[in-house]
Each structure stands twice: as C-alpha cells, then as structure tokens.
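# Structural features, examined
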Amino acid sequence: MKVKIGAFLGGVLFGVGLAIAGMTQPANIVGFFDFFGSWDPSLAFVMVGAILVYTPVYRWAIRTWQQPIWAPAFSLPTRKDIDGRLILGSAIFGVGWGLGGYCPGPAFTSVGARSEEAFTFGLAMLIGVGAYQLFMRMRENRSGGTVDPLSLIHISEPTRQE
C-alpha cells in the first residue's frame, strides 16, 4: 500500500509541476521542436530545472537511506548499454510526441483538465501500448520464447544468382 501511496503522491506532484510550468499545453511542446521557426525553450528550462533539483536529492537519498520512504527497495537501472530497441522506441516516441504535442505525463494531466484532445491522445497511446503488448505476447507464444522486437523488422540481403 505504501508503494501505491508514494506513486500517487509523486504523480500529483508531477502533474501540478507540469501544469504550473505550462507543459500540459501542446503548443509549448510543439514550439520546443520548432527549431527553425518560433522556437520555445520553455521545455528545456523545465527539464534542466527538474534535473538540477532531482540530482542532488537523489544522490543524497541513495547515500543516506537504506530504503526509500514509500517502497521496499530502490529501483535502480542495471543496464547501461544503448541498443537498437532503445533507439527505435525513442525515435517512435519522439515522432508521436512532436506530432501530438503530448508525452504521457502531460497527456494524462491534461485529461484531468478535461481536454478532449489529450483524452484522445491518451486513449490512442494506451491502445498503442496494449496492441504492442498483445502482438509481442502472441509472437512469444508462437515462438515459445522471448522475441526481440527488432527481429520483426528484417531487411533481407539481396540474393546473388549465379
């Protein structure tokens, strides 16, 4: 239960911060990606501000506490490599973010503000995640093991005819 309370409180704090900073407005996000037009750097300031606040607090908490307040253990990443799946997923995410003007957090924050566009985006995003999960589960059941998503994008080498 403590984990759910911590997640809820963190989500509320995150949503309030996004709303105060204006990051629930797609125009601010699209403006950030408009490098050759009327570029809006506000998203960069929000990201840098978040990193400047989070980094020292995170480092202090990891050194000082045996475990987090709201969870039984710290969930720290173990992978440090950059692979094709990360690059492909990031690229697809970036295209969706640029086209829609929303990323997941601001989309759901804007749904709370009764934005029909954000609701449509959020619903489509959930459908996309669900379709991916269903597709991968079907592929894994068919193959009998874990399937690498990149193996689904296969460009065959041209065959030589002699």
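It should be noted that the structure appears before, not after, this text.
Residues numbered from 1 in each chain as written. Predicted model: local features only at pLDDT ≥ 70, side-chain atom pairs only at ≥ 80, totals over all residues. Heavy atoms only, no water.

## Quick look at the side chain of Asp40
The test is simple: Under the scheme used here, helices are H or I runs from DSSP no shorter than 4 residues and strands are E runs no shorter than 2 residues, and both carry numbers assigned from the N terminus. When accessible area is computed with a 1.4 Å probe and restricted to protein chains, residues below 20% of their type maximum are described as buried, those above 50% as exposed, and intermediate ones as partly exposed. Positive: Lys, Arg. Negative: Asp, Glu. His and the chain ends are not part of the count. For this document, the term salt bridge refers to a Lys or Arg side-chain nitrogen within 4 Å of an Asp or Glu carboxyl oxygen. Between N or O atoms, a polar contact is any pair within 3.5 Å; within protein, one atom must be a potential hydrogen donor and the other a potential acceptor, and residues adjacent in sequence are included only when both atoms are from side chains.
Considering the arrangement of structural elements, one finds Asp40 in the loop between α2 (26-33) and α3 (42-64). Comment: no salt bridge for buried Asp40; closest opposite-charge side chain is Arg114, at 25 Å. Engagement of the side chain of Asp40 in a polar contact is seen with the side chain of Ser42, the distance being 2.9 Å.

## A word on the packing of helix α5 (residues 104-112) against helix α6 (residues 116-143)
Our working rule: Every axis in this analysis is a line fitted to C-alpha atoms, fitted for helices over the stretch in contact. Angles between the N-to-C directions lie between 0 and 180 degrees. By definition in this entry, angles of less than 35 degrees are roughly parallel, angles greater than 145 are roughly antiparallel, angles of 65 to 115 are roughly perpendicular, and the rest are oblique. By convention, the crossing between two helices is left-handed when the near helix turns anticlockwise from the far helix through less than a right angle, and right-handed when the turn is clockwise. Any two residues whose heavy atoms approach within 4.5 Å are treated as being in contact. Note on residue categories: nonpolar means Ala, Val, Leu, Ile, Met, Phe, Trp, Tyr, Cys or Pro, charged means Asp, Glu, Lys or Arg, and polar means any other residue, Gly included.
For the pair α5 and α6, the least separation of the axes is 8 Å and the interaxial angle reads 130°. Judged by the angle between their axes, α5 and α6 are oblique. In this structure, the crossing between α5 and α6 has a hand that is left-handed. Contacts from Pro104, Ala107, Phe108, Ser110 and Val111 of α5 reach α6 at Ala118, Phe119, Phe121, Gly122, Met125 and Leu126. When grouped by side-chain class, the residues that make up the contact of α5 with α6 number nine nonpolar, two polar and no charged.

## Some points on the environment of Gly15
With respect to the helices, strands and loops of the structure, Gly15 is situated in helix α1 (residues 2-21). The sequence separation of Gly15 and Pro106 amounts to 91 residues, and the corresponding C-alpha distance is 7.2 Å.

## Thoughts on α1
Heads up, the rule is: Expected helix span is given by 1.5 Å per residue-to-residue step, counting one fewer step than there are residues. Directions from the helix axis toward the C-beta atoms define the arc.
The terminal C-alpha atoms of α1 lie 28 Å apart, and with 20 residues this matches the ideal 28 Å at 1.5 Å per residue to within 8%. Listed as buried for α1 are Gly6, Gly15 and Leu18. Angular distribution of buried residues about the axis of α1 spans 160°; they occupy a single face of the element. In α1, those exposed residues whose orientation departs by more than 90 degrees from the buried face are Phe8, Leu13 and Ile20. Lining the buried residues of α1 we find α5. A positive phi of about 80° marks Gly22, the residue just after α1.

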